[in-house]
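Structural description and commentary
Each chain, letter by letter, is given below.
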Amino acid sequence: MFKEGEIVEAIYLDHAATSPVHPDVVEVMIPSLKENFGNPSSIHRFGRSNRHVLDEARSTIASSVGAHPKEIVFTSGGTEADNMAIIGTAMANKDKGKHIITSQVEHHAVLHACEHLETLGYEVTYLPVNKEGRVSVEELKAALREDTVLVTVMYGNNEVGTVQPIKEIGELLQERNITFHTDAVQAYGLLDIDVTELSVDLMSVSAHKINGPKGIGFLYVKEKTNLAPFLYGGEQERKRRAGTENVAGIVGFEKAVQIMQAEKQKKTELYLSFQKEMLAVFGREGIDYKVNGDPEHYLPHILNVSFPGVSVESLLTNLDLAGIAVSSGSACTAGSLEPSHVLTAMHGETDRAFSAVRFSFGLGNTTEQVTKAAEETVKVVKRLKAL
Amino acid sequence: MIYLDNSATTKPYPEVLDTFRKVAESHFANPSSIHGKGSEAERLLLQARSIVADLLHVHSKEIVFTSGGTEGNNLAIKGTAFQHQSRGKHLITTAVEHASTLESFKQLEDIGFEVTYLPVDAAGRISMEDLRKEVRKDTILVSMIHVNNEIGTIQPIEEAGEYLRNFPKAVFHVDHVQGLSKVPLNFKKAKVDLCTMSAHKVHGLKGSGILYVRSGVKLFPLFTGGEQEGTVRAGTENVPGVVAMAKALRVVLEKSKSGIKQLRHLQETARKELCEIDGILINTPEQNSAPHILNFSVPRIKPEVLIHTLEEEGIYISTKSACSSKAQGGSRILEAAGYGPERSEHALRVSFSFENRQDDIERLVEALEEVLPKLKSVMG
């Protein structure tokens, strides 16, 4: 019998949905909220000191992707950054053309922004992907038109972890004067991203996926990119994003970035070993499984696996009861019973799309936890198949 | 330190920080995740939504969490315009709105909407007569600031709401960012359809806000993506920020029960004493103004110089609104109220919180009495 209040220690393997805030991040946010609460636009000292704090954070964050501080626009998160990039580019270039290219496997923040533009008379091409979840640069090239104003392709997929050929796409678009946006929300933090090497014009990043606070993110806007503002009002963020700056959020974000930079290498190795460990347990136990994603181009922290013949709802419920927090697709659509649009794009509406689970690793996870989660998964899969 | 710039932003309450910290550390999961950790976060979010709704006397379903006042105003205004453009393209607002409202309307004008800016009198107030004259069959939105952020003037929200009942096609939006907790507004009674609020003006955290969306009122979303906030506002919910905001709202509304009288007392004292200082002209109207804002002009003295001089004494006040404090020129609010350039360009604002005391006012008055003659002699 459990005593009241006693619970099985949960193993959290859903870091792609959101990640715990690093304790050091909270530590820098609290003094910022207590002592430096001024409005950075105020001209008195309370405002000015925060202006300075913002400049520092902007510079740290900019250098983490090889950008100039001027090119960083703070937003309320990844969704806002994606919407701002896509709608802002469409609006700023509407006299030039109304054709947009994206992929079928984007995050909903991108897909729905594109659908919104379709209702306003824009035309959108949704590029298919191969079974590994990658778009083909050749197909993208073939889809380009005279009136194409924007290409938006995500860096690393949030469900299956496939990394897209961003550098190649950037090179293709560079000479054509077409704005290139990439949603790097999942890739930032583990992959080395340098905007000067990538030829991207716009890039979205969110803090809460890298152990920073929720409610803050940024859009990298390459100098001279033609972009209409999204939120109108005050002159914050060089008139590109109005609203009192979320100073504590930005300071917390800065800290998360500093920690990320120091630990990126170590984390990447650790998460790759977690992937290996899980698959080793599955193999050893002889259950039927298929890894979804690209074996060559992938994010280290995401492992998406289908268990043929097992319903994902039962699997998730049973894993949750066993104290293991994982998810099927992205958290934003976790409530729906529709199969994942990403897996459907890769494999059609097959059993593989309906039996997939995403394990995503992050801060605090240990090899012991991963082994235990894999073993529990095996137990549940065996039990469900025996029914 | 005497902080008298509470209309720019407020200091978060200690209990708000405790809440924030606890939630950020222990309940970090994504409320949309279906596992237990996600459900925990979702439960907190639901609880916060219900607390906020109760405190504002509305339904939980009518609360949309945003990233703050600017987003709230942008969403209300553009969301209404885009949603109902087939009904009409005429919009009404006032000449004394916050920048986030004004700039949203400017953007809509650029793309083919027609906007009427209601003029204001010397007190910075619109007249109901003007409003009645301007509402048309194709008016789809009337947007008005409740309490002006620079001079504290209160607009006739209830009368406007009552009148707009005759125009069911016109959505009524109120920017309640400065009014919240200081000038009570009953959304239902005032027939408000949309109402913007911000956490950091009531001792919550920057990056959180509320848009009240009356049940049945439809908005075209600004952020598309996941299905959060009834699909009106996509994006992972800032759970710690939201729960902290619910806490801030509860505390501030509790304090306001006895605090409003106290604010009024501070304002009256300040008005009386500042009036007596040579060279100070009070801009905040005596009637129908908020209790926490007092705006005054000191002609011939550069407001920035005065602000920095007071800062040396540990007193923090501001010029116009923080959002436009770096923009050139005078206050567009005072200009709209008919004050000349001299008075508009030399305006200062003190704004109180429930934490300010009589002593703070006395220190301000003493400091002004001391520094003004010196500055004047320097300016010649």
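Residues numbered from 1 in each chain as written. Chains lettered and ligands numbered in written order. Predicted model: local features only at pLDDT ≥ 70, side-chain atom pairs only at ≥ 80, totals over all residues. Heavy atoms only, no water.

1. Notes on the overall build of chain B
Each helix and strand counted, chain B has eleven helices and twelve strands in total. In terms of overall dimensions, chain B is globule-like: its C-alpha atoms have a radius of gyration of 21 Å, near the 21 Å expected for 380 residues. Projecting the C-alpha coordinates of chain B onto the three principal axes gives extents of approximately 70 × 50 × 35 Å. Counting every position in chain B, which comprises 380 residues, the buried fraction comes to 65%. (Helix = DSSP H or I, 4+ residues; strand = E, 2+ residues; numbered from the N terminus. Rg over C-alpha atoms; globule rule 2.2 N^0.38 Å. Buried < 20%, exposed > 50% of the residue type's maximum accessible area, 1.4 Å probe, protein only.)

2. Considerations on helix H8 (residues 303-312) of chain B
Inspection of H8(B) places Pro303(B), Leu306(B), Ile307(B), Thr309(B), Leu310(B) and Glu311(B) among the buried residues, and these make up the whole buried set. Of the residues flanking the end of H8(B), it is Gly314(B), one or two places downstream, whose phi is positive at about 80 degrees.

3. As for the confidence of the model for chain B
Per-residue confidence for chain B averages 95 on the pLDDT scale, and 97% of its residues sit at or above 70. Both confidence scores are given for the complex: pTM 0.89, ipTM 0.82. (pLDDT = per-residue confidence, 0-100.)

4. Thoughts on the domain arrangement of chain B
Residues and elements named next belong to chain B. Segmentation of chain B into domains returns domain 1 (2-8 + 257-379) and domain 2 (14-250). Here domain 1 and domain 2 have C-alpha centroids that lie 28 Å from each other. Across the boundary between the two partners, domain 1 contributes 28 residues, which contact 28 residues of domain 2. Here domain 1 packs against domain 2, burying approximately 2,300 Å² in sum over the two surfaces, 55% of which is carbon and sulfur. Of all residues in domain 1, the largest losses of buried area upon contact with domain 2 belong to Asn288, Arg332 and Ile333, amounting jointly to 24% of the total for that side. Scanning the region where domain 1 abuts domain 2 turns up zero salt bridges. Summed over the shared surface of domain 1 and domain 2, the result is 13 residue pairs in polar contact (both at pLDDT 80 or more). Here the side of domain 1 that touches domain 2 takes four residues from helix H9 (residues 332-336), the largest share from any one element. (Domains from an automatic or database assignment. Contact = heavy atoms within 4.5 Å. Buried area = accessible area lost by both parts, 1.4 Å probe. Salt bridge = Lys/Arg side-chain N within 4 Å of Asp/Glu carboxyl O. Polar contact = N/O pair within 3.5 Å; in protein donor to acceptor, adjacent residues only side chain to side chain.)

5. Quick notes on the sheet that holds strand E8 (residues 209-213) of chain B
All names here are of chain B. The seven strands are arranged E2-E8-E7-E6-E5-E3-E4 in an open sheet whose pairing can be described as mixed. Because the sheet does not close on itself, it has two edges, and the strands there are strand E2 (63-66) and strand E4 (114-118). In this sheet, neighbouring strand axes are inclined to one another by 20 degrees on average, regardless of whether the strands run parallel or antiparallel. With five bridges connecting them, strand E5 (residues 139-145) and strand E6 (residues 171-175) associate as parallel partners. When the sheet's bridge partners are listed, methionine 144 is paired in E6 with valine 174. Helix H6 (residues 157-164) contacts E5 and E6 of the sheet and is inclined by roughly 170 degrees relative to E6. (Pairing = 2+ DSSP bridges. Axes fitted to C-alpha atoms, helices over the stretch in contact; angles between N-to-C directions.)

6. Topic: the packing of aromatic side chains
By the definition in use, this model includes 17 aromatic pairs over all chains. Grouped by ring-pair contacts, the aromatic residues Phe37(A), Phe46(A), Tyr3(B) and Tyr316(B) constitute a single cluster. Over the ring of Phe113(B) we find Lys89(B), and its NZ or CZ is 5.0 Å from the ring centre. The ring of Tyr163(B) carries Arg132(B) above its face, with NZ or CZ at 5.8 Å from the centroid. (Phe/Tyr/Trp six-rings, centres within 6.5 Å; stacked < 30°, edge-to-face > 60°. Lys NZ or Arg CZ within 6 Å of the ring centre and 35° of its normal.)

7. Details of the pattern of salt bridges
All chains considered together, the criterion is met by 27 salt bridges over all chains. Note that Asp5(B) and Arg349(B) form a salt bridge whose closest N and O atoms lie 3.4 Å from each other. Highlighted residues: Asp5(B) in the loop between strand E1 (2-3) and helix H1 (14-26) and Arg349(B) in strand E12 (residues 347-351), separated in sequence by 344 residues. An identical accessibility class is assigned to Asp5(B) and Arg349(B); each is buried. The salt bridge involving Arg165(B) is made with Glu162(B); its shortest N-O contact spans 3.2 Å. Residues joined in a network through salt bridges with shared partners are Glu27(A), Arg21(B) and Glu25(B).

8. Here's the deal with helix H6 (residues 166-174) of chain A
All names here are of chain A. Within H6, the full set of buried residues consists of Ile166, Ile169, Gly170, Leu172 and Leu173. For H6, the buried positions fall inside an angular range of 160 degrees around the axis, keeping them on one side. Buried residues belonging to H6 abut helix H5 (137-143), strand E5 (148-152), strand E6 (179-183) and helix H7 (195-198). (Arc of directions from axis to C-beta.)

9. Some remarks on the side chain of Glu245(A)
Locating Glu245(A) in the fold gives a position in the loop between strand E8 (217-221) and helix H8 (247-285). The buried category is assigned to Glu245(A), whose relative accessible area is 4%. Those residues in contact with Glu245(A) that sit more than four places away from it in its chain are Asn39(A), Pro40(A), Ser41(A), Arg51(A), Leu54(A), Gln236(A), Glu237(A), Ile250(A) and Lys206(B).

10. Description of unusual backbone geometry
All names here are of chain B. In this structure, histidine 57 is a non-glycine residue whose phi angle is positive, near 60 degrees. In this structure, histidine 57 sits in the loop between helix H2 (36-56) and E2. With a relative accessible area of 62%, histidine 57 lands in the exposed category. Phi at histidine 203 takes a positive value of approximately 70 degrees, unusual for a residue other than glycine. In this fold, histidine 203 is placed in the loop between strand E7 (194-198) and E8. On the basis of relative accessibility, which here comes to 3%, the residue histidine 203 falls in the buried class.

11. A closer look at empty space enclosed by the protein
By the definition in use, this model includes eight cavities of 30 Å³ or more. Forming the walls of the largest cavity are 38 residues, and the residues nearest its centre are Gly243(A), Thr244(A), Gly69(B), Thr70(B) and His200(B). Those elements that provide at least two residues to the lining of the largest cavity are strand E2 (72-75) of chain A together with helix H3 (69-84) of chain B. Considered class by class, the residues forming the lining of the largest cavity number ten nonpolar, 22 polar and six charged. If you count residues domain by domain, the lining of the largest cavity takes at least three from each of domain 1 (2-8 + 257-379) and domain 2 (14-250) of chain B. In this structure, the second largest cavity occupies an estimated 290 Å³ of space. Thr79(A), His107(A), His208(A), Lys209(A) and Thr236(B) are the residues nearest the centre of the second largest cavity, which is lined by 31 residues in total. When residues in the lining of the second largest cavity are grouped by element, the largest group, four residues, is from helix H3 (residues 78-92) of chain A. When the residues that make up the lining of the second largest cavity are grouped by side-chain class, the tally is eight nonpolar, 16 polar and seven charged. (1 Å grid on protein atoms, 1.4 Å probe; cavity = no way out; pocket = protein on both sides within 12 Å on 5 of 7 lines; lining within 4 Å. Points joined across faces, edges and corners; volume = space filled by probe spheres on them. Nonpolar A, V, L, I, M, F, W, Y, C, P; charged D, E, K, R; others polar.)

12. Some points on the interface of chain B and chain A
Taken together, the contact pairs 65 residues of chain B with 63 residues of chain A. Interface area for chain B against chain A, summed over the two sides, is near 5,200 Å², with a carbon-plus-sulfur share of 64%. For Glu311(B), the salt bridge is made with Arg48(A), and the minimal N-O distance between the two is 2.9 Å. At the junction of chain B and chain A, the tally comes to 24 residue pairs in polar contact (both at pLDDT 80 or more). Elements with a contribution of two residues or more to the side of chain B that touches chain A: H1, H2, H3, helix H4 (99-110), helix H7 (239-275) and H8 of chain B. Taken together, the residues of the side of chain B that touches chain A break down into 25 nonpolar, 25 polar and 15 charged.

13. Overview of the packing of H3(A) against helix H4 (residues 108-119) of chain A
Residues and elements named next belong to chain A. At their nearest, the axes of H3 and H4 sit 9 Å apart, and the two run at 30 degrees to each other. By the angle class used here, H3 and H4 are roughly parallel. The two elements H3 and H4 meet at a crossing, and its hand is right-handed. In this structure, H3 contributes Thr79, Asp82, Asn83, Ile86, Ile87, Ala90 and Met91 to the contact, and H4 contributes Ala109, Val110, Ala113, Cys114, His116 and Leu117. Partitioned by chemical class, the residues of the contact of H3 with H4 number nine nonpolar, three polar and one charged. (Parallel < 35°, antiparallel > 145°, perpendicular 65-115°, else oblique. Left-handed = near helix turned anticlockwise from the far one by under 90°.)

14. Quick look at the layout of surface pockets
The gaps of empty space that remain are located by a probe, the size of a water molecule, rolled over the atoms. As a volume, the largest pocket reaches approximately 560 Å³. Counting residues per element, the ones that place at least two in the lining of the largest pocket are H3 of chain A together with H3 and H4 of chain B. Top contributing element to the lining of the largest pocket by residue count: H4(B), with four residues. Within the lining of the largest pocket, the residues separate by chemical class into 14 nonpolar, three polar and seven charged.

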